[in-house]
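Breakdown of the fold
Residue strings, one per chain:
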Amino acid sequence: MFSLCTKPQQLLRCAAHACRSLSSSKVVEKKTCLFEQHKAAGGVIVDYEGYDLPVYYKGDSPLIADADTIMASCHWTRSSASLFDVSHMCSIRWTGKDAEAFLERVTVCDVANLPVNMGKLSLITTEEGGVVDDTMLTRCSDHFYQVINCGCAEKDIAHFEEQLGLFGGDVNMEVLWDTRGLYALQGPKAQEVLQGIVGAQIDLSKVAFGECFNVTVGGHNWFVSRCGYTGEDGFEIFVDGDGAEPAYDTLVADSKVRLAGLGARDALRMEAGLCLYGHELADYTPAEAGLTWTVRKTEGAVPFLGYEPIMAQINDRSLIKKMRCGIIPQGGPAREGTPIMSKEGEEIGVITSGGFSPTLKHPISMGYVNKPLNKRGSELQIAKKTPKGKVVLKDALVVKMPFVPTNYYKPE
């Protein structure tokens, strides 16, 4: 009999586990420009990749959805609009006449055919076909704008510098980090909130998911991209340092907006079936991760790093031996690193992310499973450890992702 544990307390434990597993070993933590605002709103601060950031909020601040619960933040994001401080992530501005060709070399994106004011999720790859990091890449009128993960930024930048030395040409990399605000406004009411702020400057009903634009708010330029990592409609807003705090004040002034922290962000991205570097990405190929839709299928003027091994798996799927899939475990959440077993007791994979779904009210997980048991409907077992260290096998089921339907916006 397949049953589910639905204890909401698991959500806090999952969030704490996720933050510990991703936390940096750096001694000195950095702070975003909103650190004092997070504390004032009751933010429970943790070290995340060297930054002091809120995992959730508690108390009676009118800026939070409900006291002490990540679940309430997730529900608010799914029904209204939540504001996430993602200023810890690193931005890069690329300029120069050869910037397009260089980005076609270091990412799998079809940069040459990327329209102006349009962004796409892409991957930074190695010669061997592995993934250095996932990234958002946007073509602007006179430059390319890129966002990379905080925990990978130093490694990514070193990788780019090495490739620039090999590539040559007219390419300039400007790193924009810790000098600006980057906020994610996410949820079905995000458009209504932002439209009330930008007024007649732009009609957001005509802006598709992935498109970007510039507006002026309170005398400051906002670079806005319709994107996010929650599965909901939303916008990411880039504001230079002197405009970062005024932008925050403007966004939270709307009663439809509440603050949300790392715990809610991780739960929402798992519900949406989205990868997190260090979990679903790192030791896996784009094909294994189910991300071949990000890969341009032609070599182009400049083949991307790892073109041959990556395209070999795309063109011959028999070379793919394991695949990322969605898993519903029986009982409590299956943690990262938990072995996945066949019904016959053979180890066939590993859990990469696991937690409690506030929307579905039961545990969900992602992991890599050997073919053909990665197929939807496959019955598996999870080798979980009890508090006393005993290994017990719990039933699990492979299911379709996303776990919760996504709501990315398309104009009518």
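On a predicted model such as this, the values are computed, not experimentally measured, just so you know.

**A short note on the sheet that holds strand β5 (residues 90–95)**
Note on sheets: strands pair through backbone hydrogen bonds, and any given pair is parallel or antiparallel. Here we have five strands laid out as an open sheet, ordered β6-β7-β8-β5-β9, and antiparallel in their pairing. Each of the sheet's edge strands pairs with one partner strand only, and the pair in question is β6 (118–125) and β9 (172–176). Averaged over neighbouring strand pairs, the angle between their axes works out to 25° when direction is ignored.

**Description of the side chain of T285**
Mapping T285 onto the fold places it in the loop between α8 (262–271) and α9 (307–315). According to the relative accessible area criterion, T285 is buried, its value standing at 18%. The residues contacting T285, other than those within four sequence positions of it, are G129 and Q313.

**Quick word on unusual backbone geometry**
Each neighbour pair has its own omega, and for K371 with P372 the value is 5°, a cis peptide bond. Here P372 lies in the loop between β18 (362–370) and β19 (379–385). At E49, a position not held by glycine, the phi torsion is positive, near 50°. Relative to the helices and strands, E49 is located in the loop between β2 (43–48) and β3 (51–57). Even without a glycine there, the phi angle at A282 is positive, about 140°. With respect to the helices and strands, the residue A282 is situated in the loop between α8 and α9.

**Remarks on the pairing of strand β7 (residues 131–139)**
Burial of β7 is extensive: eight of the nine residues sit out of reach of the surface. Where β6 and β7 come together, eight bridges link them in antiparallel fashion. Within β7, the position partnered with K120 by the bridge is L137. Counting the residues between successive antiparallel strands, the hairpin from β6 to β7 contains five residues, one of them, G129, with a positive phi of roughly 95°. Where β7 and strand β8 (residues 144–148) come together, five bridges link them in antiparallel fashion. The residue of β8 that forms the bridge with L137 is Q146.

**Re the packing of aromatic side chains**
Summed over the entire model, instances satisfying the criterion amount to eight aromatic pairs. Arranged with centres 5.5 Å apart and planes meeting at 80°, the rings of Y145 and F238 form a pair that is edge-to-face. In this pair, Y145 is assigned in strand β8 and F238 in strand β13 (residues 234–240), connecting sequence segments 93 residues apart. An identical accessibility class is assigned to Y145 and F238; each is buried. Taken together, the ring pairs in this structure connect W94, F102, F160 and F167 into an aromatic cluster. The side chain of K30 reaches across the aromatic face of W177, ending 4.3 Å from its centre. Over the ring of F35 we find K31; its NZ or CZ atom is 5.0 Å from the centre of that ring.

**Observations regarding the environment of V198**
As for its placement among the helices and strands, V198 is situated in helix α6 (residues 190–198). Remark: the alpha-carbon pair of V198 and K361, spanning 163 residues in sequence, is separated by 36 Å.

Cut-off values and rules
Residues numbered from 1 in each chain as written. Predicted model: local features only at pLDDT ≥ 70, side-chain atom pairs only at ≥ 80, totals over all residues. Heavy atoms only, no water. Pairing = 2+ DSSP bridges. Helix = DSSP H or I, 4+ residues; strand = E, 2+ residues; numbered from the N terminus. Axes fitted to C-alpha atoms, helices over the stretch in contact; angles between N-to-C directions. Buried < 20%, exposed > 50% of the residue type's maximum accessible area, 1.4 Å probe, protein only. Contact = heavy atoms within 4.5 Å. Phe/Tyr/Trp six-rings, centres within 6.5 Å; stacked < 30°, edge-to-face > 60°. Lys NZ or Arg CZ within 6 Å of the ring centre and 35° of its normal.

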